[in-house]
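# Remarks on the overall topology
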Amino acid sequence: MRAEERSEISMLKKEKMILLKLIDKKNEEKISLQSEVTKLRRNLAEEYLRYLTERDARKILIADLNELRYQREDMSLAQSPGIWGEDPVKLTLALKMTRQDLARTQMELNTMKANFGDVVPRRDFEMQEKTNKDLQEQLESLRDDYEEVRKEHEILLQLHMSTLKERDQFHSELQEIQRTSTPRPDWTKCKDVVAGGPDRWHMLAKGKNSDQLVDVLLEEIGEGLLREKDFFPGLGYEESIPSFLRFDGVVENKKPSKKDVVNLLKDAWKERLAEEQRSESVYIKQKETVTQLLKEMTNVDSQNEGLLTMEQLSTVLKSTFPIKKEEKIQELMEAGGWHPNSSNADFLNYHSLFMEDEEGHSMPFVQKLWEQYMDEKDEYLQELKQELGLELHDEVTLPKVRETLMIIDPCLDKQTLNSYLSQAFQLPVTELPEDSEEKEEDIVIQLQTVLERLQIVDIRRRGPREQEPTS
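These notes cover the structure that comes with them. (Residues numbered from 1 in each chain as written. Predicted model: local features only at pLDDT ≥ 70, side-chain atom pairs only at ≥ 80, totals over all residues. Heavy atoms only, no water.)

### Describing the overall build of the protein chain
Scanning the protein chain from terminus to terminus reveals 13 helices and 6 strands. Relative to its 471 residues, the protein chain shows a buried fraction of 23%. Taking as baseline every contact in the protein chain between residues at least 6 positions apart, the subset at least 24 positions apart corresponds to 65%. When the accessible surface of the protein chain is split by element, carbon and sulfur atoms take 55% of a total near 35,100 Å². (Helix = DSSP H or I, 4+ residues; strand = E, 2+ residues; numbered from the N terminus. Buried < 20%, exposed > 50% of the residue type's maximum accessible area, 1.4 Å probe, protein only. Contact = heavy atoms within 4.5 Å. Areas by Shrake-Rupley, 256 points an atom, 1.4 Å probe, with all protein chains shown as cover.)

In structure tokens, the structure reads:
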């Protein structure tokens, strides 16, 4: 392992030297290009100064030549006035006008030269511009290469440091393991002491780690000890002992088989269902609600990817629970993973909302659904009690309960209303008297009993309560 580390470190050092040489070469090329640019700028400045000097000298020479030419023409006209065969005054006037035109033309020419005297030929300008552009591109490229090499060098240094730290950590862990490790147990020795022999031990040990094999072995030893006992001493009748374990004396060990235990559990479950048939309907209804909600989310997931946006989740919740308040929808969103910093476009794996952990517990989203259902049921029953205006020990008639339920929940259909009354007054639905029948008044029961019976069934608001008109 150390030889591999030394080899890797040597390779990293070589790569580092190559990169350093490449950086030095790029720096030298950059300095050379900068020197060439400086030299070109200096030559250009010298050429510009020489051009300005020649331009000024040319202007002075032209002005001197013009002055001499004017003097010669004036002298020739003064010496021979009849040479043109024209009036000297007229000729003098014409000469004056011509000189004015010449002066104006000369001024325009000087203006043109002044304006365009610094202009270089387009071909030279384009060549210099192209050269400058190429040099700038080369300079930028060199800068980029240098920056990239610098970053790679930093990354290599960080990688080298992290490699050294990992090496030291692994070395320390190896020494600690070598110091504290114990020999691996030979589990094949257990096959001779476990009931069933090698075949059963191989079946029990298949696919299990050492920790799980210890549990298996302890369980086998415990079962063996229990099978050897024919009687167990009773624990007595103390309050600290569960009621189903209270007995004073000796209890026979019947050594039931696995089939006997399964049958016993089935009988206990059937008995429990018989006793709590009403409350089981609440559990079934909640399961149906969860199933319907999952179905609605699946329908919205048109791509069948198992993903919904937070906005789609909110829409599904509002359509499935149309009478839930906005804060309740917000609580469900937060239980599903939404938080104030989330975007409506964030995706959510909605299948994960309905999963269960290893112990069979539901996810926070389903738990929040159940909590809201119980809270809403308590609010509904409390609203019923307030609308009745009675104390818990007061008696209430069936027509009064019927009327109050319709007041607080006008959307109740007749079948649901009758089921609530049937549960509250413990009467079959077929034996419930019709509304406005006289014998309805004879059905009386304590309010506390009504609320307790409704508490254990699936009772929920079917629609919003109508607002009372304001005067």
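Picking up after the structure, the text goes on.
### Things to note about helix 4 (residues 197-205)
If you check which residues of helix 4 are buried, you get Gly197, Trp201, Leu204 and Ala205. All buried residues of helix 4 project into a common sector of 90° when viewed along the axis, lining one side. Pointing more than 90 degrees away from the buried face of helix 4 are the exposed residues Asp199 and Met203. Trailing helix 4 by a residue or two, glycine 207 shows a phi angle of about 75°, which is positive. (Arc of directions from axis to C-beta.)

### Examining the pattern of salt bridges
According to the stated counting rule, one finds 16 salt bridges in the structure shown. In this structure, the salt-bridge partner of arginine 104 is aspartate 101, at a minimum N-O distance of 2.7 Å. Taken together, the positions of arginine 104 and aspartate 101, both in helix 2 (residues 88-116) and 3 residues apart, correspond to about one turn of that helix. Salt bridges linked by common partners bring Glu5, Arg167 and Asp168 together as one network. (Salt bridge = Lys/Arg side-chain N within 4 Å of Asp/Glu carboxyl O.)

### Some points on the nonpolar core
In this structure, Leu405, Leu421, Phe425 and Leu454 are the most contacted members of the largest nonpolar core, which totals 24 residues. When residues of this core are traced back to their parent elements, those giving at least two are helix 10 (364-388), helix 11 (398-408), helix 12 (414-425) and helix 13 (447-455). Ranked by residue count, the leading element in this core is helix 12, at 5 residues. (Core = buried A, V, L, I, M, F, W, Y, C linked by side-chain atoms within 4.5 Å.)

### Points about a nonpolar patch on the surface
Taken together, the side chains of Tyr48, Leu49 and Tyr51 make up a nonpolar region of the molecular surface, amounting to roughly 290 Å² of accessible area. As for its placement among the helices and strands, tyrosine 51 is situated in helix 1 (residues 2-79). (Patch = residues over 30% accessible without salt bridge, like charges linked within 9 Å, V, L, I, M, F, W, Y side chains within 5 Å.)

### Notes on the side chain of glutamine 423
Residue placement: glutamine 423 occurs in helix 12. At a separation of 3.3 Å, a polar atom in the side chain of glutamine 423 contacts the main-chain carbonyl oxygen of arginine 453. (Polar contact = N/O pair within 3.5 Å; in protein donor to acceptor, adjacent residues only side chain to side chain.)

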